[in-house]
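# What the coordinates show
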Amino acid sequence: MWRRHGNLVGMQNVLPPIADQALANLPISLAALGHAFVRSGYEISLVGGPVRDACLGIEPHDFDLTTSARPEETERLLRQWGDACWDVGRNFGTIAAKKGDVVVEVTTYRTEEYEIGSRKPAVAYGDNLEGDLTRRDFTVNAMALRLPDLELVDPHNGLADLQAGILRTPVSAEQSFDDDPLRMLRAARFASQLGFDVDLEVMEAMEQMAQRLEIVSAERIRAELERLLLSPYPRRGLELLVHTGICDIVLPEVAALQDTVDEHRRHKDVYEHTLTVLQQAMDLETGPDGDVPGPDLRLRLAALMHDIGKPATRRFMPDGTVTFHAHDYVGARMTAKRMRALHFDKQTIKDVSRLVELHLRFHGYADSPWSDSAVRRYVTDAGPLLARLGCLTRADVTTGNRRKAAMLSHAYDDLERRIEALREQEELASIRPELDGQEIMAELGIKPGPEVGKAYKFLLDLRMERGPIGKELAREALHSWWATQQ
């Protein structure tokens, strides 16, 4: 049986009952691991996220541990305990192992700070658990449960902050963020993940030290932004980033949306509109069996970036109106550029920028329903992103005019019905010309080259306009077109 104790330097600190329930089903192999380290003269503790989650009533599934043993001894003990053992980051003191279905990552007590001009933290091993907890990012993550007895160690009152729903740093915020500037971005991520408020000292330090994030690698920044966007409350984190100026460093295009605020109210507040679109897009995500299972990173990124082309394209017309002509295409290019700078993978960049490019395509359908050709082209251009594009298009309606909102919703309902009807008739998702490249070359007696591509595009456009016409009519049309190209 697991035994649970509370112990806080100089005072008793008791785990809440909700934590006892969450810890009741901890794998017994963790107790065996604790005994193995203790017998060898070392300390080992569950630390950080698993302890925080348990105190929130969430059963831990990720087992992050910290130990007084150096990596070589950690590896030796893990090999004796587990079925497999591997090096996660020896330079950072981290060794992983697996026993049955239980995977653990064990890190030697450490301190961590950036050298001037360096993008990577310098690591020095620490001597005790309390010191290791002091260098953690936030007090709610600076709690540990010593193995094997699950004795709570909470030197910075993280449990009280967890119950109060506030993010504070174990040491001064300036020192913490100077040691690792990425923690400023983590503050926004945890605000999004936990729905917590940020301590005033933390917020002020973020404002003063935002530029320090420039030394952090793009990969680390991207990872935190992904976690923020995939959290339950991303708006909280994004507002914090914008308010503190950190967004100017990591997502300047989003921060610039504030510049489109129009005191004369000739158009909507693009920044507030964007945050609303993000929330509405999240509300349209589906369960695991739906078309857009949430949380969906591509949809949420597209919602966040869909209007970033507006500041660059805003024009004030003589009649007092405002236009943002081509902001969809400009925004798509800006999105791809920013995502490349953050080292997103190529497919995600392609998908998100495509959604931004297409997000206005539906506009006008309610006033003038499309031809079958236009519907086919919409589906073909969206390709595998069709369901996400539908969510983004619906989420982009933020008007307070209920009648207009209902009209747009009904119009998209109608478009989806037409898409489904055409899909049943024509296998719409895989539209191709009646003739492929080989057949085109055989018909025209030409070799591979640009002319084949032009002919293929002509036949695809014809297919879009007229639907299935059969190979014979396609051949006739191809020869007629080819005669005009000579």
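Check the entry above for the structure.
Residue indices follow the written sequence of each chain, beginning from 1 at its first position. Only residues with pLDDT of at least 70 are given local features in this predicted model, and only at 80 or more are side-chain atom pairs given and counted; all residues enter the totals for whole chains, interfaces and linings. With hydrogens and water set aside, each side-chain value is computed from the structure's full complement of heavy atoms.

A separate point is the overall build of the protein chain. In this description a helix means any DSSP run of H or I spanning at least four residues, a strand means any run of E spanning at least two, and both kinds are numbered starting from the N terminus. Of regular secondary structure, the protein chain possesses 24 helices and 14 strands. Expressed as lengths along the three principal axes of its C-alpha atoms, the size of the protein chain is roughly 90 × 60 × 45 Å. In this scheme, a residue with accessible area under 20% of its type's maximum is buried, one over 50% is exposed, and one in between is partly exposed, where area comes from a 1.4 Å probe on protein chains only. When each of the 486 residues of the protein chain is scored for burial, the buried share is 50%. Here the contacts in the protein chain between residues at least 6 apart in sequence split such that 66% fall between residues at least 24 apart. All accessible areas in this document rest on Shrake-Rupley with a 1.4 Å probe, and a residue is counted as covered only by the protein chains that are shown. Element-wise, carbon and sulfur atoms account for 49% of the exposed surface of the protein chain, whose accessible area totals about 23200 Å². In this charge count, Lys and Arg are treated as positive and Asp and Glu as negative; neither His nor the chain ends contribute. By convention, the point assigned to a charge is CZ for Arg, NZ for Lys, CD for Glu and CG for Asp. Each charge sign in the protein chain was given a centre, from 60 positive and 76 negative side chains, and these centres are 4 Å apart. In this analysis, two residues are considered to be in contact whenever any of their non-hydrogen atoms come within 4.5 Å of each other.

Bringing empty space enclosed by the protein into the picture now. Here a cavity means grid points, on a 1 Å grid over the protein atoms only, where a 1.4 Å probe fits yet cannot get out; a pocket means an open set of points with protein on both sides within 12 Å along at least five of seven lines; lining residues are those with an atom within 4 Å of a point. Grid points are joined across faces, edges and corners, and a volume is the space filled by probe spheres set on the points. Tallied over the full model, the rule gives one cavity of 30 Å³ or more. Approximately 40 Å³ is the volume found for the largest cavity. Secondary-structure elements contributing two or more residues to the lining of the largest cavity are helix H10 (218-229) and helix H15 (297-305). We call Asp, Glu, Lys and Arg charged. Ala, Val, Leu, Ile, Met, Phe, Trp, Tyr, Cys and Pro are nonpolar, and the rest, Gly among them, are polar. Tallied by class, the residues present in the lining of the largest cavity amount to eight nonpolar, no polar and no charged.

This paragraph deals with the nonpolar core. Across soluble globular proteins, nonpolar side chains show a tendency to be buried alongside one another. Counting 115 residues, the largest nonpolar core has Leu78, Val104, Ile246, Val250 and Leu415 as its most contacted members. Looking at this core element by element, the count peaks at eight residues for helix H8 (residues 182-194). Setting aside chain neighbours within four positions, we find Val104 in contact with Leu30, Leu33, Phe63, Leu65, Leu78, Trp81, Ile95, Ala96 and Ala97. Residues grouped as a nonpolar core are buried Ala, Val, Leu, Ile, Met, Phe, Trp, Tyr and Cys residues, joined through side-chain atoms within 4.5 Å. Among the nonpolar cores identified, the runner-up in size contains 15 residues, and Ile446, Leu462, Trp481 and Trp482 belong to it.

This paragraph deals with the layout of surface pockets. Of the pockets and cavities examined, the largest pocket occupies roughly 1100 Å³. Lining the largest pocket are 33 residues, with Asp64, Arg110, Arg136, Arg186 and Arg189 sitting closest to its centre. Of all the secondary structure elements, the ones that give two or more residues to the lining of the largest pocket are helix H3 (49-55), strand S3 (63-67), strand S6 (102-108), strand S7 (110-114), H8 and H10. When residues in the lining of the largest pocket are grouped by element, the largest group, six residues, is from H8. Tallied by class, residues from the lining of the largest pocket come to nine nonpolar, seven polar and 17 charged. Roughly 620 Å³ of internal volume is contained in the second largest pocket.

Looking along a regular strand, one sees side chains alternate from face to face of the sheet. Most of S3 sits inside the fold, with four of its five residues counted as buried. Relative to S3, strand S2 (residues 44-47) is paired through three bridges, and the arrangement is antiparallel. Its bridge partner being in S3, Ser45 is matched across the sheet by Thr66. At least two bridges found by DSSP between two strands is the condition for calling them paired. The sheet contact formed by S3 and S6 spans five bridges and is parallel. In the sheet register, Thr66 faces S6, and the bridge partner there is Thr107.

Here we come to the packing of aromatic side chains. Note on ring pairs: Phe, Tyr and Trp rings are taken, using the six-membered ring of Trp, and paired if centres are within 6.5 Å. Classes follow the plane angle, with under 30 degrees stacked, over 60 edge-to-face and the rest tilted. Within the structure shown, the criterion is met by seven aromatic pairs. On the numbers, 5.5 Å between centres and 25° between planes, the contact of Phe362 with Tyr365 is stacked. Taken as a pair, Phe362 and Tyr365 share a single burial class, namely buried. When the ring of Tyr365 is compared with that of Trp370, the centres are 5.1 Å apart and the planes differ by 90°; the resulting orientation is edge-to-face. Each member of the pair, Tyr365 together with Trp370, is buried.

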